[in-house]
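Fold and contact review
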Amino acid sequence: MYTVAETATLNGLDPEPYIAAVIDRLARGHTIGRLHELPPWNSKPETPPVVTG
């Protein structure tokens, strides 16, 4: 997890929202054929998912 966070940082992303977005995408059924979209170097900064609770 530390490596993922540091790699996100090195790619100009805030690690916490990046990891939350990846987990959210996987939970929503991101397909195996599109896994290449998930690494930090292929990700674009996105609005993090809204957490309710």
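Everything below is about the structure shown above.
Residues numbered from 1 in each chain as written. Predicted model: local features only at pLDDT ≥ 70, side-chain atom pairs only at ≥ 80, totals over all residues. Heavy atoms only, no water.

**Some remarks on the environment of A5**
Assignment of secondary structure puts A5 in helix α1 (residues 2–10). The exposure class of A5 is buried, given its relative accessible area of 17%. Considering only alpha carbons, one finds A5 and P40, 35 residues apart in sequence, at a separation of 9.2 Å. (Helix = DSSP H or I, 4+ residues; strand = E, 2+ residues; numbered from the N terminus. Buried < 20%, exposed > 50% of the residue type's maximum accessible area, 1.4 Å probe, protein only.)

**Brief notes about the environment of N11**
Mapped onto the elements of the fold, N11 is located in the loop between α1 and α2 (15–27). By relative accessible area, N11 is classed as partly exposed at 34%. Along the backbone, N11 and W41 are 30 residues apart, and their C-alpha atoms lie at a distance of 5.9 Å. Filtering out sequence-adjacent residues up to four positions away, N11 remains in contact with P40 and W41. A polar contact of 2.7 Å, which involves the side chain of N11, links it to the backbone oxygen of T7. (Contact = heavy atoms within 4.5 Å. Polar contact = N/O pair within 3.5 Å; in protein donor to acceptor, adjacent residues only side chain to side chain.)

**Quick notes on α2**
The end-to-end C-alpha separation of α2 is 18 Å, in line with the 18 Å expected for 13 residues at 1.5 Å each. Along α2, the residues classified as buried are Y18, I19, A21 and V22. End-on, the buried residues of α2 take up no more than an arc of 160°, which puts them together on one face. Looking at α2, the residues exposed on the side facing more than 90 degrees away from the buried face are E16 and A27. On its buried face, α2 sits against α1. Following α2 by one or two positions, G29 adopts a phi angle in the positive range, close to 95°. (Expected span 1.5 Å × (residues − 1). Arc of directions from axis to C-beta.)

**As for the pattern of salt bridges**
Summed over the entire model, instances satisfying the criterion amount to three salt bridges. For D24, the salt bridge identified is with R28, shortest N-O distance 2.9 Å. Exposure remark for R28: the relative accessible area of 67% places this residue in the exposed category. The partner of R25 in a salt bridge is E37, with the nearest N and O atoms 3.1 Å apart. With R25 in helix α2 and E37 in the segment after α2, the pair connects residues that are twelve residues apart, well separated along the chain. Each member of the salt-bridge network shares a partner with another, and the members are R25, R34 and E37. (Salt bridge = Lys/Arg side-chain N within 4 Å of Asp/Glu carboxyl O.)

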